[in-house]
Amino acid sequence: MTLVIFRDETATGRTLGEFTLPDLPDSITARELVRLRVREEVARHNAAPSHHFRGLIKPTDAEADLNGYRMRSARPLDWEKQADAAEAAFARNGFILLVGDRQIDDLDEKIALVGDPVVSFIKLVPLVGG
(Lines give C-alpha, C1' and ligand atoms only; values in the text may rest on other atoms or scores of the structure.)
Protein backbone atom coordinates (compact mmCIF):
# COMPACT_ATOMS: atom_id res chain seq x y z
CA MET A 1 0.00 0.00 0.00
CA THR A 2 1.16 3.50 -0.87
CA LEU A 3 1.01 6.98 0.64
CA VAL A 4 0.04 9.58 -1.97
CA ILE A 5 0.40 13.35 -1.68
CA PHE A 6 -2.35 15.27 -3.49
CA ARG A 7 -1.19 18.78 -4.31
CA ASP A 8 -2.86 21.78 -5.96
CA GLU A 9 -0.41 23.95 -7.85
CA THR A 10 -0.38 27.04 -10.00
CA ALA A 11 0.87 26.84 -13.58
CA THR A 12 4.19 28.20 -12.30
CA GLY A 13 4.55 25.38 -9.78
CA ARG A 14 3.61 27.25 -6.60
CA THR A 15 1.84 24.97 -4.12
CA LEU A 16 -1.64 26.17 -3.13
CA GLY A 17 -2.48 23.29 -0.79
CA GLU A 18 -1.95 19.62 -0.24
CA PHE A 19 -3.07 16.60 1.74
CA THR A 20 -1.98 12.98 1.97
CA LEU A 21 -3.86 9.71 1.79
CA PRO A 22 -2.27 6.52 3.05
CA ASP A 23 -2.90 2.91 2.06
CA LEU A 24 -3.76 3.39 -1.59
CA PRO A 25 -3.31 0.46 -3.96
CA ASP A 26 -0.04 0.18 -5.90
CA SER A 27 -1.91 0.60 -9.21
CA ILE A 28 -4.98 2.72 -9.95
CA THR A 29 -6.57 4.44 -12.94
CA ALA A 30 -6.40 8.20 -13.28
CA ARG A 31 -10.21 8.28 -13.06
CA GLU A 32 -10.16 6.43 -9.73
CA LEU A 33 -7.44 8.77 -8.48
CA VAL A 34 -9.41 11.90 -9.37
CA ARG A 35 -12.61 10.52 -7.85
CA LEU A 36 -10.74 9.47 -4.71
CA ARG A 37 -9.29 12.94 -4.32
CA VAL A 38 -12.70 14.58 -4.73
CA ARG A 39 -14.38 12.13 -2.34
CA GLU A 40 -11.76 12.90 0.31
CA GLU A 41 -11.99 16.68 0.01
CA VAL A 42 -15.80 16.57 0.08
CA ALA A 43 -15.73 14.28 3.14
CA ARG A 44 -13.46 16.76 4.91
CA HIS A 45 -15.82 19.60 4.02
CA ASN A 46 -18.92 17.64 5.05
CA ALA A 47 -17.40 16.84 8.46
CA ALA A 48 -17.81 20.55 9.27
CA PRO A 49 -19.79 22.29 6.51
CA SER A 50 -19.03 25.96 6.02
CA HIS A 51 -19.61 28.73 3.50
CA HIS A 52 -16.14 28.12 2.07
CA PHE A 53 -15.11 25.07 0.06
CA ARG A 54 -11.51 24.48 -0.87
CA GLY A 55 -11.48 21.88 -3.57
CA LEU A 56 -10.80 20.96 -7.14
CA ILE A 57 -14.26 21.71 -8.53
CA LYS A 58 -16.61 24.63 -7.87
CA PRO A 59 -19.84 23.49 -6.20
CA THR A 60 -23.18 24.47 -7.71
CA ASP A 61 -24.26 27.98 -6.65
CA ALA A 62 -20.76 28.94 -5.51
CA GLU A 63 -18.51 31.80 -6.51
CA ALA A 64 -14.76 31.73 -6.90
CA ASP A 65 -13.09 33.15 -3.82
CA LEU A 66 -9.52 33.54 -2.68
CA ASN A 67 -8.16 29.98 -2.39
CA GLY A 68 -11.49 28.25 -2.98
CA TYR A 69 -15.19 28.82 -3.47
CA ARG A 70 -17.75 30.75 -1.43
CA MET A 71 -21.17 29.12 -1.15
CA ARG A 72 -24.43 30.89 -0.35
CA SER A 73 -25.08 28.60 2.58
CA ALA A 74 -23.00 26.24 4.69
CA ARG A 75 -24.13 22.88 3.41
CA PRO A 76 -22.84 19.39 2.79
CA LEU A 77 -21.84 18.47 -0.75
CA ASP A 78 -22.51 15.36 -2.84
CA TRP A 79 -19.11 13.84 -3.59
CA GLU A 80 -20.38 11.90 -6.61
CA LYS A 81 -21.71 15.07 -8.30
CA GLN A 82 -18.40 16.80 -7.55
CA ALA A 83 -16.45 13.80 -8.91
CA ASP A 84 -18.57 13.71 -12.09
CA ALA A 85 -17.89 17.43 -12.52
CA ALA A 86 -14.16 16.80 -12.03
CA GLU A 87 -14.18 14.17 -14.78
CA ALA A 88 -15.97 16.60 -17.10
CA ALA A 89 -13.49 19.36 -16.24
CA PHE A 90 -10.57 17.05 -17.04
CA ALA A 91 -12.15 16.19 -20.40
CA ARG A 92 -12.41 19.88 -21.35
CA ASN A 93 -8.88 20.68 -20.10
CA GLY A 94 -10.03 22.41 -16.92
CA PHE A 95 -7.01 21.06 -15.09
CA ILE A 96 -3.81 19.17 -15.73
CA LEU A 97 -3.03 15.99 -13.81
CA LEU A 98 0.60 15.16 -13.08
CA VAL A 99 1.87 12.06 -11.33
CA GLY A 100 5.45 12.77 -10.42
CA ASP A 101 6.79 14.55 -13.51
CA ARG A 102 4.48 12.76 -15.96
CA GLN A 103 1.33 14.34 -17.37
CA ILE A 104 -1.71 12.08 -17.53
CA ASP A 105 -3.82 12.55 -20.67
CA ASP A 106 -6.43 9.79 -20.29
CA LEU A 107 -8.60 9.08 -17.25
CA ASP A 108 -8.54 5.37 -18.07
CA GLU A 109 -4.74 5.22 -17.92
CA LYS A 110 -3.35 2.89 -15.25
CA ILE A 111 -0.92 4.61 -12.89
CA ALA A 112 1.68 2.81 -10.80
CA LEU A 113 1.82 4.49 -7.40
CA VAL A 114 5.37 3.62 -6.45
CA GLY A 115 7.67 5.56 -4.18
CA ASP A 116 4.95 7.57 -2.45
CA PRO A 117 4.22 9.83 -5.44
CA VAL A 118 3.02 13.40 -5.58
CA VAL A 119 -0.15 13.82 -7.63
CA SER A 120 -0.45 17.43 -8.78
CA PHE A 121 -3.58 19.17 -10.01
CA ILE A 122 -2.99 22.37 -11.95
CA LYS A 123 -6.19 24.32 -12.61
CA LEU A 124 -6.24 26.06 -15.96
CA VAL A 125 -7.90 29.43 -16.31
CA PRO A 126 -9.52 30.26 -19.65
CA LEU A 127 -8.05 33.27 -21.41
CA VAL A 128 -10.25 36.33 -21.61
CA GLY A 129 -11.50 37.00 -25.10
CA GLY A 130 -10.63 33.76 -26.67
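Structure: above.
### Here's the deal with the pattern of salt bridges
Step number 1: For the structure on display, the rule yields nine salt bridges.
Step number 2: Residue Asp108 pairs with Arg31 through a salt bridge whose shortest N-O separation is 2.9 Å. Taken together, the residues span a long stretch of sequence, with Asp108 in the loop between β8 (102-104) and β9 (110-112) and Arg31 in helix α1 (residues 30-47) at a distance of 77 residues.
Step number 3: Looking at Arg31, the relative accessible area reads 27%, which means it is partly exposed.
Step number 4: A salt bridge links Glu41 to Arg37; its shortest N-O distance comes to 2.7 Å. Here Glu41 and its partner Arg37 are both found in helix α1, four residues apart, which amounts to about one turn of the helix.
Step number 5: The class of Glu41 is buried, set by a relative accessible area of 5%.

The rules behind these values
- Note that residues are indexed from 1 along each chain, following the sequence as it is written.
- Thresholds applied to this predicted model are a pLDDT of at least 70 for local features of residues and 80 or more for the giving and counting of side-chain atom pairs; totals over whole chains, interfaces and linings are not thresholded and use all residues.
- The side-chain figures draw on all heavy atoms in the structure; neither hydrogens nor water molecules are used.
- For this document, the term salt bridge refers to a Lys or Arg side-chain nitrogen within 4 Å of an Asp or Glu carboxyl oxygen.
- A helix here means a DSSP run of H or I that spans at least four residues, while a strand means a run of E at least two residues long, and both kinds are numbered starting from the N terminus.
- Whether a residue is buried, partly exposed or exposed follows from its accessible area with a 1.4 Å probe, protein chains only, as a fraction of its type maximum: under 20%, in between, or over 50%, in that order.

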